[in-house]
Each structure stands twice: as C-alpha cells, then as structure tokens.
Amino acid sequence: MEARAAELERANRIEAEQAAARERARIAREMHDILSHAVSIMIVQAEAGPVAVRRAPERAEAAFEAIAETGRDAMAQLRAMLGVLRTDGAPPRNPQPGIAGLTELVDRVRAGGLRVSYERTGAVRELPAALEATVHRVVQEALTNVVRHAGAAAADVTLAYGPGTLTVTVTDDGRGPGGASGGHGLIGIRERAAAHGGTAECGPGPGGVGYAVRVSLVTSPLEVGN
C-alpha cells in the first residue's frame with residue numbers, strides 16, 4: 001500500500017511539473033509574440049517619422065500616434081501576462097486577443113506603410129477562445145516577419161472557414177524565402193498549429209513571388225463528421 005501511494009505521489013509530481021513546463025512554454029510564446037510585434041512596428045514607425053516630419057507633417061503625427069498606441073497595447077498585454085506569473089495557484093487566465101482584434105492589428109501594421117488586405121471567407125462563425133487567440137497570434141507573428149524581414153510593399157491576410165477547419169493564410173510580395181528568417185517565430189506558429197490538431201506550411205508565395213504562411217486548424221471534430 002505504501003509503495004502504491006509513493007508511486008502515485010511521484011506520478012502526480014511528474015504530471016504537475018509537466019503542466020508547469022507547458023505553461024511556461026505558453027507564456028514564453030505569448031511574450032515573444034507581444035514584444036516582437038510591438039518592437040518591430042515601433043522601429044518601422046520611428047524610422048519613418050523623421051522623413052515624414054520634413055515631407056508630410058500630417059503623416060508624422062500619425063506615425064508617432066501609432067508608436068504610442070502600439071506601446072500602450074504591448075504594455076497592457078505584458079501587465080496581464082506578468083499578473084499571471086505573480087499570482088499563486090491557478091487563477092483564471094486573462095482574456096486573450098481573438099479574431100475580432102485582427103482588424104485593429106492590421107490597422108496598426110498599415111500605419112507603418114505596409115498595404116495589408118484582410119478577408120474572411122466561408123461560413124464565418126464564433127470559435128473557442130483558445131483557438132481564436134491562436135489565430136490572432138499566428139497572423140501577428142506572420143505580419144511581424146513581413147515587416148522585419150520581407151522588404152514587402154503589400155501583404156494579404158485570409159481566414160477561410162471550412163467544415164470543421166479554419167485556414168489562415170498570410171502572403172506578401174517581398175523577397176521570398178531567401179529574405180525571410182522567422183526563427184523562433186515560425187517555430188512558435190508550428191507549435192500553435194499542432195496544439196489544435198493542425199499544420200503550418202511556410203515557403204514561396206503564389207507563383208513563386210514573395211512568402212506565404214499557411215496554417216490549417218481543426219475547429220471541431222464534430223463538424224468534420226457531419
């Protein structure tokens with residue numbers, strides 16, 4: 001009896017350690033995405049600001065406001081994340097960004113000078129909060145890579161709703177795979193997709209032009225069977 005109790009205790013301890021490791025990895029991905037996106041957008045805006053001051057003062061004002069708004073948003077998300085780390089026990093997680101926030105995300109990227117289109121096709125529907133947060137982070141990381149690495153003038157974001165699936169595609173007209181280096185960001189995209197039973201593909205864009213990130217996620221196994 002004592003041996004079984006000890007074995008059960010060890011199993012519970014290992015399970016708790018694994019759960020803590022998964023949570024640390026999740027928080028690390030979230031913080032990477034928040035900081036990488038915010039810093040990239042702020043750098044682009046800051047570099048464009050002095051030129052705009054001389055040539056188009058009204059654009060300079062918009063650029064500085066975009067820097068401030070991006071910083072405020074990043075600070076709010078980081079405070080929420082750090083609040084989770086400082087709280088003992090297992091409190092409810094703070095609300096995560098979802099698909100509804102993609103419009104604001106795209107607008108912030110547009111403010112940096114990149115032309116971005118955003119479209120949803122198929123049977124648009126509400127999805128679980130965790131899945132919506134994944135969609136938001138995937139689009140955020142893909143656009144961050146476009147801003148940082150692609151040298152692109154335009155990008156397209158598409159959410160295609162299918163039976164039991166959602167496919168997220170982000171393409172650009174930049175330098176293509178040779179100019180893209182997502183590093184941990186692309187690894188994070190693949191990990192997020194796998195967590196929802198999906199896949200992630202990254203490579204040349206349509207016709208070999210630019211770069212494309214395509215993520216397929218399972219929204220509901222029941223929908224697939226119907």
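Note: the structure precedes this text.
Below, the structure is looked at part by part. (Residues numbered from 1 in each chain as written. Predicted model: local features only at pLDDT ≥ 70, side-chain atom pairs only at ≥ 80, totals over all residues. Heavy atoms only, no water.)

1. Observations concerning the overall build of the protein
For the protein, the helix and strand inventory stands at 6 helices and 5 strands. Listing the helices and strands of the protein from first to last along the sequence gives α-α-α-β-α-β-β-α-β-β-α. Relative to all contacts within the protein whose residues are 6 or more apart in sequence, the contacts with residues 24 or more apart total 71%. (Helix = DSSP H or I, 4+ residues; strand = E, 2+ residues; numbered from the N terminus. Contact = heavy atoms within 4.5 Å.)

2. Section: the sheet that holds strand β4 (residues 199-204)
The sheet built from 5 strands is open, its strands ordered β1-β2-β3-β5-β4 with mixed pairing. Because the sheet does not close on itself, it has two edges, and the strands there are β1 (115-122) and β4. Each strand of the sheet is rotated relative to its neighbour by a mean of 10°, with strand direction disregarded. Relative to strand β5 (residues 211-218), strand β3 (residues 165-172) is paired through 8 bridges, and the arrangement is antiparallel. (Pairing = 2+ DSSP bridges. Axes fitted to C-alpha atoms, helices over the stretch in contact; angles between N-to-C directions.)

3. Some words on helix α3 (residues 102-111)
Residues spaced three or four apart along an α-helix point in a common direction, a consequence of the helix completing one turn every 3.6 residues. The set of residues buried in α3 consists of Leu102, Leu105, Val106, Arg108 and Val109. Seen end-on, α3 carries its buried residues on one side only, within an arc spanning 155°. Looking one or two residues beyond α3, the residue adopting positive phi is glycine 113, at roughly 105°. (Buried < 20%, exposed > 50% of the residue type's maximum accessible area, 1.4 Å probe, protein only. Arc of directions from axis to C-beta.)

4. Here's the deal with the pattern of salt bridges
Overall, the coordinates contain 2 salt bridges when judged by the stated rule. Glutamate 104 is the partner of arginine 108 in a salt bridge, and the nearest nitrogen-oxygen pair spans 3.4 Å. You can see arginine 108 and its partner glutamate 104 sitting in helix α3, 4 residues apart, about one turn around the helix. For glutamate 104, a relative accessible area of 41% puts it in the partly exposed group. (Salt bridge = Lys/Arg side-chain N within 4 Å of Asp/Glu carboxyl O.)

5. Section: the packing of α3 against helix α4 (residues 129-150)
Running from N to C, α3 and α4 cross one another at 10°; their axes reach a closest spacing of 11 Å. Considering the angle they form, α3 stands roughly parallel to α4. On the side of α3, the interface is formed by Leu102, Leu105, Val106 and Val109, while α4 contributes Val135, His136, Val139, Gln140, Leu143 and Val147. (Parallel < 35°, antiparallel > 145°, perpendicular 65-115°, else oblique.)

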